[in-house]
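Now for the letters of each chain:
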Amino acid sequence: MGSLDGVLVLDLSRKLPGPYCSMILADHGARVITIEDRRFEGEGSFPTLLNRNKEHIALNLMSDEGREIFFRLVKRSDVVMEGFKPGVVTKLGINYEVLRGLNPRIVYCSISGYGQDGPLRERPGHDINYLAESGVLDGMGSEETPFVPGVQVADIAGGSMNALSGILLALYEREKSGLGQAIDISITDCCLPLNAISLELWQMTGMPPRRASGILSHRYAFYNVYQTKEGGFIVLGALEPHFWMAVCDYFGVPEYAVLQFDEERREEIIAFFAEQFAAKSRDEWEEELGELLLCFSVVKSLPEAMDSHLFASRGMVVPLPGEADQGRKTFGVSIRMGRTPGAVRRASEGFGKGGTRILRELGYGEAKVASLLDRGVI
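From a predicted model like this one, the values you see are computed outputs, not experimental measurements.

Colleague: Help me understand the overall build of the protein, please; the structure alone is not making it clear to me.
Modeller: The helix and strand inventory of the protein stands at 15 helices and 11 strands. By principal-axis analysis of the C-alpha atoms, the protein measures approximately 80 × 50 × 40 Å. Buried residues in the protein amount to 44% of all 378 residues. In the protein, 65% of the contacts between residues at least 6 apart in sequence involve partners at least 24 apart. In the protein, 40 positive and 51 negative side-chain charges are present, and the distance between their average locations comes to 10 Å.

Structure (structure tokens):
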């Protein structure tokens, strides 16, 4: 049993933000039918890991018959997700106003780079663009230049997770009103509040944030990255005074404890800890400090994280189900529900592979299904 058992989601989105969101819905019991377009089958961007627990139908929404199949599904559904450029769904005739007429309870979530309205609604973009526009990228990197993060922060933290929140909020509100609603998720809008701490510190101090020079960004020794003897890295996150005091005591410099935010000696203190950590390897520091309460961590690679005892013990690295995926691992379910836990039940069934099964559920006979296949409707 999952928390969303009985919820039917139609996902028209592609790439990362929408499919990541619908993966979480599917992990927690929702029936997610991903609706694909055969034009993009050869692009190589089919996100296999994100399509676990889902069903897949290829559907030509530019055809009358394709839209009719879609409308039949909408009448049975709770949620529709789309990630088209603003205005495309209106041209296709599948916008919220149309679908609401078929199913007043439908929750309709649109995910776009800059929102359904506003001066940038037509502008294309990707993760790096949304981070740049929202001020987030300016806080990443060295003093000389911003660095592009190695993971898609905007797409997931901005797009996927806020879409998930919006959908769940709308489903909860529908229990009271009986009506669905439209949700407008701008990835860039949702990235702006990621600057919450930076904005608060700016308003408190009157000093705008500077890259690689903030309280939580390299300025002080207690919250910093250090290179170890063999070229690996460790981090300290000893923000609270008692954690910082414990670090200073351990390294025999208790006098530094009261200088946590000292501007005149901060470079001296950073240099001291840099020298200390450079004297041993990353693994030696892990053995020495790993069990102590010092807000200490080793910087792990993705392969190391996937092999980590931490994630194994938490069920966060699991084998992909299915004979075709034997030996492959994937991420577990990160939202831990006590009474209604989610699960990785099956791997992706492949591009459009559930189409004939879904059509039979809608009442289409074998001859009609074959005809739709021959004419490229599905």
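Colleague: So what exactly am I meant to see when it comes to the side chain of Asp127 here?
Modeller: Positionally, Asp127 belongs in helix 5 (residues 127-133). Lacking a salt bridge, the buried Asp127 has Lys15 as its closest oppositely charged neighbour, with an N-O distance of 13 Å. Of the polar contacts made by the side chain of Asp127, one reaches the backbone nitrogen of Val153; its length is 3.4 Å.

Colleague: How should I be thinking about the sheet that holds strand 2 (residues 31-36) in this particular structure?
Modeller: Pairing between sheet strands relies on hydrogen bonds along the backbone, with the strands arranged either parallel or antiparallel. Pairing within the open sheet is parallel, and its 6 strands lie in the order 3-2-1-4-5-6. Of all the strands in the sheet, the pair left with one neighbour each is strand 3 (54-58) and strand 6 (182-186). The mean inter-strand angle of the sheet, taken between neighbouring strand axes irrespective of direction, is 20°. Sheet strands in contact with helix 2 (residues 64-76) are strand 1 (8-11), strand 2 and strand 4 (79-82), and its direction is about 145° off that of strand 1.

Colleague: For this particular structure, what's the right way to read the packing of helix 1 (residues 17-27) against helix 6 (residues 153-177)?
Modeller: Think of two packed helices as two axes; the pair is described by the angle between the axes and how far apart they sit. For the pair helix 1 and helix 6, interaxial distance at closest approach is 8 Å and the crossing angle is 45°. One finds that helix 1 runs oblique with respect to helix 6. Viewed along their axes, helix 1 and helix 6 form a crossing whose handedness is right-handed. Two secondary-structure elements touch here, helix 1 through Pro17, Tyr20, Cys21, Ile24 and Leu25 and helix 6 through Asp155, Ile156, Ser160, Met161, Ala163, Leu164, Ile167 and Leu168. Looking at the contact of helix 1 with helix 6, its residues break down into 11 nonpolar, 1 polar and 1 charged.

The rules behind each value
Within each chain, residue numbers correspond to sequence positions counted from 1 in written order. At least 70 in pLDDT is required for a residue's local features to be given in this predicted model, at least 80 for side-chain atom pairs to be given and counted, and no such filter applies to totals for whole chains, interfaces and linings, which use all residues. Side-chain numbers here rest on the full set of heavy atoms in the structure, without hydrogens or water. Helix and strand definitions here come from DSSP, where helices need a minimum of 4 consecutive H or I residues and strands a minimum of 2 consecutive E residues; each element is numbered from the N-terminal end. Categorising residues by exposure relies on relative accessible area from a 1.4 Å probe, with only protein chains included: less than 20% of the type maximum marks a residue as buried, more than 50% marks it as exposed, and the intermediate range marks it as partly exposed. Every residue pair with non-hydrogen atoms within 4.5 Å of one another is taken to be in contact. Counted as positive: Lys and Arg. Counted as negative: Asp and Glu. His and the chain ends are not counted at all. Working definition for charges: the position is that of NZ of Lys, CZ of Arg, CG of Asp or CD of Glu. What makes a salt bridge here is a side-chain nitrogen of Lys or Arg within 4 Å of a carboxyl oxygen of Asp or Glu, nothing more. Two N or O atoms form a polar contact when they lie within 3.5 Å of each other; inside protein one atom must be a possible hydrogen donor and the other a possible acceptor, and for residues adjacent in sequence the pair counts only when both atoms belong to side chains. At least two DSSP bridges between two strands are needed for those strands to be called paired. The angle between two axes is taken between their N-to-C directions and runs from 0 to 180 degrees, where each axis is a line fitted to C-alpha atoms and a helix contributes only its stretch in contact. The cut-offs work like this: below 35 degrees is roughly parallel, past 145 is roughly antiparallel, 65 to 115 is roughly perpendicular, and the gaps in between are oblique. Two helices cross in a left-handed way if the nearer one is turned anticlockwise from the farther one by less than a right angle. They cross in a right-handed way if the turn is clockwise. The residue classification treats Ala, Val, Leu, Ile, Met, Phe, Trp, Tyr, Cys and Pro as nonpolar and Asp, Glu, Lys and Arg as charged. All others, Gly included, are polar.

Purely geometric numbers; function is a separate question.
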